[in-house]
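Tertiary structure, described
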Amino acid sequence: MAEPDSWEDVEEGGGGASRRSPQTTTSVAAAAGAAKLNADAPAFTFNPSAASFTPFVPAPAAVVYHPVAAGPPPKPHFHDVNASADLHSAHQTPFMSGASALPALAGRNTEPPQETDVASELVVDSSQAPETRDLDVDLKEDAAEEQIPPPAAEEKDAAAPSNGSVEKEENEEVAHEGESKSAEALEADKDDSRQHLNVVFIGHVDAGKSTIGGQILYLSNMVDERTIQKYEREAKEKNRESWYMAYIMDTNEEERAKGKTVEVGRAHFETKKTRFTILDAPGHKNYVPNMISGASQADVGVLVIAARRGEFETGFERGGQTREHAQLAKTLGVSKLLVVVNKMDDPSVQWSKERFDEIEKKIIPFLRSCGYNVKKDVQFLPISGLFGHNMKERMPKTMCDWWDGPCLFEALDSVELPERDPKGPFRMPLIDKYRDMGTVVMGKIESGSVRRGDTLMIMPNKATVKVVTVYRDNDEVNYARPGENLRIRLSGVEEEDISPGFVLSSVRSPIPAVLEFDAQLQILELLDHKAIFTAGYKAVLHIHAVVEECEIMGLLHQIDPKTKRPIRKKILFVKSGAVVVVRLQVNELICVEKFEDFPQLGRFTLRDEGKTVAIGKVVNFPRVAGTQN
């Protein structure tokens, strides 16, 4: 339709006429000019039913985008691998897990912009139209002036609700429908029958832990082919072609440059039977405290051993991290262990059964001394982490004719779920916190369950908080069970008022906060220049997420390792290998439980000068502060 010569007395199909006010005409023209309308497009369209002309409004010249806020970003010492934007290039939708989409990298929003309403987002130059009113207001006034309903429909229209009422009811209906769908999704999530396991990868440095973790994500379709090709190019540029799979787990430049994991990498993958959280612990001895933080959240341990000649011997001999990691994992409550013999494809091994049997023969006596039931709780299997052999699918006989056991995915799926009490007092040690539209805390539920809207208490500072949002595997959920690794957004507390090691607990049954407690210690191996363990000995206490200096206030009694009974003889000191009950004191209030009540919150390690000197469990509270008696 051609554009009219003027806006005056335009002839309409119904025989009537409509006249626009000069102010309205100026408003429309100014808005159209400011939005840079296309000269070839018609300035208006004819609507016979409304008996009026409707101005044509094309796409605006400038639109203010409002990106969707990404999922809550994780903070050190844990970095969420699934939250990295580098893991996918096609789809980037927040709060979606699995192969379909992964949330944006912490601290960086790569979310595509939302589509916005054209009329509300037009940018009008005020210098060109100083008296221009809102375009929506003008159009509504024009419609009110121009619409002349037929006489026969007047009574019907008078009885019907107004357009605003109809629109409001429709919006409420749509909103209600959306809430119902959201509630249905959350309820379905609540009824997810699959078990959830936290798996920590431990072992000596350069054994291939990060490579195996990256390969698992690739095989479970959590990483696309384009990302893998990108990492291959980066690794080749650094002359480290075999490191490209490790780049999936090691996300920061320091780790990639050194080839060593520093922080505990976190990622998620799923099978038909189980949902897994991967915890990639650092293997270097300088980062053992970070490894302890990761292992304290794990249900299952994967001890990675390099089959290459010389590498296994280096990690297993005195001072190697294979021994210390296995001992710490057992102390921290990792009762199930998969011993993965990696790098079986190496030219020095070539899937040799003799090499596999040699490693198994040396490892079994040590694991038995750590307290593992080797026949029931330990399983050995050979793999190649770099090429993914015997990981998702079993190896063909042409590659390894002597192995008839399961692959890694099958072994992980067959692990029995540890006993958990969903109805017990809520306990969630906090490993980290950050600010993201409120205060967000991270941790693993050790006991009880949590729902959105629950009122909880942060100990030891007794801060009462309300659960605003619960995130599991980067998805927003309404309900979470024990054993889940979560992010929880809280109201009623500031970020600076929370420290790692605090515990989110029930209001009616808060966790004890103590300065002293009695503990049973097993002395492992003392330092050469501090060979006597006595009152006044100082060390660093690691219990769940707490890292605190402590002092031995006194030795209560020694325990006979054979009879497991106390020795009545008074003692002043003990040496390496002894089992003794002592009283420990810390400088600040810490949250602990008796081992018999909550094992995960009652077991700990003592480290001195970078070496683990003792492991222990809490047996009694001589004095309790900040709890309800």
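Shown above is the structure to which this text applies.
The following refers to the structure shown.

Thresholds, definitions, all that
- Residues numbered from 1 in each chain as written.
- Predicted model: local features only at pLDDT ≥ 70, side-chain atom pairs only at ≥ 80, totals over all residues.
- Heavy atoms only, no water.
- Axes fitted to C-alpha atoms, helices over the stretch in contact; angles between N-to-C directions.
- Helix = DSSP H or I, 4+ residues; strand = E, 2+ residues; numbered from the N terminus.
- Left-handed = near helix turned anticlockwise from the far one by under 90°.
- Contact = heavy atoms within 4.5 Å.
- Buried < 20%, exposed > 50% of the residue type's maximum accessible area, 1.4 Å probe, protein only.
- Salt bridge = Lys/Arg side-chain N within 4 Å of Asp/Glu carboxyl O.
- Phe/Tyr/Trp six-rings, centres within 6.5 Å; stacked < 30°, edge-to-face > 60°.
- Lys NZ or Arg CZ within 6 Å of the ring centre and 35° of its normal.
- Pairing = 2+ DSSP bridges.

This part is about the packing of helix H12 (residues 321–331) against helix H13 (residues 353–370). Closest axis-to-axis distance for the H12/H13 pair is 9 Å, and the angle between their directions is 35°. The way H12 lies across H13 gives a crossing that is right-handed. Note on element contacts: H13 touches H12 through Ile 363, Phe 366, Leu 367 and Cys 370, opposite Thr 322, Arg 323, Ala 326, Gln 327 and Lys 330.

With that out of the way, let us pick up unusual backbone geometry. Between Met 459 and the following residue, Pro 460, the backbone shows a cis peptide bond with an omega angle of 10°. One non-glycine residue, Asp 206, adopts positive backbone phi at about 70°. Tracing the backbone through its elements, the reader meets Asp 206 in the loop between strand S6 (195–203) and helix H6 (209–219). Taking relative accessible area as the criterion, Asp 206 reaches 48% and is therefore assigned partly exposed. One non-glycine residue, Lys 462, lies in positive phi territory at about 55°.

Opposite charge on two side chains lets them pair, provided their charged atoms get close. Counted by the stated rule, this structure contains 24 salt bridges. Notably, a salt bridge pairs Arg 309 with Glu 358, separated by 3.6 Å at the nearest N-O pair. Taken together, the positions of Arg 309 in the loop between strand S9 (300–306) and helix H11 (311–316) and Glu 358 in helix H13 put the pair 49 residues apart, joining distant regions of the chain. The class for Arg 309 is partly exposed, based on a relative accessible area of 47%.

Right, let's talk about H12 for a bit. Burial of H12 is extensive: 9 of the 11 residues sit out of reach of the surface. In the stretch just after H12, Gly 333 is the one whose phi turns positive, near 100°.

Before going further, it helps to spend a moment on the packing of aromatic side chains. Throughout the structure, instances matching the rule amount to 9 aromatic pairs. Here the aromatic residues Phe 269, Phe 276 and Phe 409 are joined through ring pairs into a cluster of three or more. It is Arg 323 that lies over the ring of Phe 316; its NZ or CZ is 4.3 Å from the centre. A cation sits over an aromatic face here: Lys 530 above Tyr 537, 4.6 Å from the ring centre.

Before going further, it helps to spend a moment on the environment of Met 399. Following the sequence through the fold, Met 399 ends up in the loop between strand S11 (378–382) and helix H15 (408–413). Taking the C-alpha atoms as reference points, Met 399 and Asp 345, separated by 54 residues in sequence, lie 9.5 Å from one another. In this structure Met 399 touches Trp 351 and His 389, once residues within four positions along its chain are discounted.

Right, let's get into the pairing of S6. With 9 of 9 residues buried, S6 is to be regarded as a mostly interior element. Residues Gln 195, Leu 197, Val 199, Phe 201 and Gly 203 line one face of S6 and the alternating positions His 196, Asn 198, Val 200 and Ile 202 line the opposite face, and both faces are buried. Across 7 bridges, S6 lies against strand S8 (residues 274–280) in parallel orientation. Residue pairing in the sheet places Asn 198 in a bridge with Thr 277 of S8. Pairing geometry for S6 and S9, over 5 bridges, is parallel. Note that in S9 the partner of Ile 202 across the bridge is Leu 303.

Of all 5 residues in S11, 4 are buried, a share of seventy percent or more. For strand S10 (residues 336–342) and S11, the ladder comprises 5 bridges, and the chain directions are parallel. What sits directly across from Leu 337, in S11, is Val 378.

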